Amino acid sequence: MKLIKATGENIPLIQDLARRSWKNAYSEILSEEQMEYMLSEMYSEQEIDRQLQNPNYHYYLIEDETKGSYEGFIGYEHNYEHETTKLHRIYLVPESKGKGFGKEALLFLNEKVSENGNKRIILNVNKYNAARNFYESQGYKVYGEGVFDIGNGFVMDDFLMEFLIH
């Protein structure tokens, strides 16, 4: 596995990977309408470009070197809060789950967070998303929950999780 820093040229690839992974991760949790709304808002070309312009926001593509294919991506933001990096997104296409890519991507994130001097990683995970179990297996703990109005009559009902860098 290799992580490759994404650029504006990779926006269509990020959009495709997001769509493929979301269909699998959220089809039984969110309505089709909410999924489409969130994808169009969170993964529009303008939104991803805006994030890429932020010096604290980083996207990396997850490449399977043996297959020569992109299997997912990770997006995070240093200094989101004091000494805290927020993992905004980590998604893998369905066929690459269970192969260690997610675990390796989180280890990579831990290194990047340490290099930046942050001491904590936070994330939101849908309360009904099995990814919570994955995060817990990697040392993340639930520290709260929240319901967030995302517009258009939709909400995100999430657990708030954290990982402390030692």
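Our structure's up above, just so we're on the same page.
Asker: How should I be thinking about the side chain of Ser21 in this particular structure?
Answerer: By the element assignment, Ser21 lies in helix H1 (residues 11-26). In this structure, Ser21 is in contact with Tyr91, Leu92, Val93 and Pro94, ignoring residues within four places of it in sequence.

Asker: Can you help me understand the pattern of salt bridges in this one?
Answerer: Between side chains of opposite charge, pairing is possible as soon as their charged atoms come close. Tallied over the full model, the rule gives 14 salt bridges. In this structure, Arg120 engages Glu81 in a salt bridge whose closest nitrogen and oxygen atoms are separated by 3.1 Å. Separated by 39 residues along the polypeptide, Arg120 in strand E5 (residues 120-126) and Glu81 in strand E3 (residues 69-81) bring together distant segments of the chain. A relative accessible area of 36% means that Glu81 is categorised as partly exposed. Salt-bridge contacts for Asp157 lead to Lys127; the nearest nitrogen and oxygen are separated by 2.9 Å. With Asp157 in strand E7 (residues 154-164) and Lys127 in the loop between E5 and helix H5 (131-137), this pair connects stretches of sequence that are 30 residues apart. Where salt bridges share partners, they join Arg19, Lys23, Glu32 and Glu36 into one cluster.

Asker: Quick question: what am I supposed to make of the packing of aromatic side chains here?
Answerer: Each aromatic ring pair is described using two quantities: the centre-to-centre distance and the angle formed by the ring planes. Applying the stated criterion to the full structure yields 14 aromatic pairs. With a centroid separation of 5.2 Å and 35° between ring planes, the pair formed by Tyr140 and Phe163 is classed as tilted. On the criterion of sequence distance, the pair formed by Tyr140 in the loop between H5 and strand E6 (141-151) and Phe163 in strand E7 is long-range, its members being 23 residues apart. Exposure remark for Phe163: the relative accessible area of 17% places this residue in the buried category. Taking NZ or CZ as reference, Lys127 lies 5.8 Å from the ring centre of Phe159, over its face. Taking NZ or CZ as reference, Arg132 lies 4.4 Å from the ring centre of Phe159, over its face.

Asker: Could you clarify how one ought to interpret the layout of surface pockets in this entry?
Answerer: The rolling of a water-molecule-sized probe over the atoms marks out the regions of remaining empty space. Space inside the largest pocket adds up to approximately 1,100 Å³. Every residue lining the largest pocket is counted, 48 residues in all, and those nearest its centre are Tyr26, His88, Arg89, Tyr91 and Asn124. Ranked by residues supplied to the lining of the largest pocket, first place goes to strand E4 (residues 84-92) with seven residues. For the lining of the largest pocket, a count of residues per class yields 25 nonpolar, eleven polar and twelve charged.

Asker: Would you mind going over the pairing of E5 with me for this structure?
Answerer: Each regular strand displays side chains that alternate between the two surfaces of the sheet. Across the seven residues of E5, six count as buried, placing the element largely inside the fold. Inspection of the sheet shows E4 paired to E5 by three bridges, in the parallel sense. Residue Thr85 lies in a different strand from E5, and its bridge partner there is Ile121. Taken together, E4, helix H4 (residues 101-116) and E5 form a β-α-β motif whose crossover is right-handed. Taken together, the seven bridges between E5 and E7 define a ladder with antiparallel strand orientation. Looking at E7, one finds that Arg120 is bridged to Leu164.

Reading the values: rules and limits
Residues numbered from 1 in each chain as written. Predicted model: local features only at pLDDT ≥ 70, side-chain atom pairs only at ≥ 80, totals over all residues. Heavy atoms only, no water. Helix = DSSP H or I, 4+ residues; strand = E, 2+ residues; numbered from the N terminus. Contact = heavy atoms within 4.5 Å. Salt bridge = Lys/Arg side-chain N within 4 Å of Asp/Glu carboxyl O. Buried < 20%, exposed > 50% of the residue type's maximum accessible area, 1.4 Å probe, protein only. Phe/Tyr/Trp six-rings, centres within 6.5 Å; stacked < 30°, edge-to-face > 60°. Lys NZ or Arg CZ within 6 Å of the ring centre and 35° of its normal. 1 Å grid on protein atoms, 1.4 Å probe; cavity = no way out; pocket = protein on both sides within 12 Å on 5 of 7 lines; lining within 4 Å. Points joined across faces, edges and corners; volume = space filled by probe spheres on them. Nonpolar A, V, L, I, M, F, W, Y, C, P; charged D, E, K, R; others polar. Pairing = 2+ DSSP bridges. Right-handed = clockwise from strand over helix to strand, strands pointing away.

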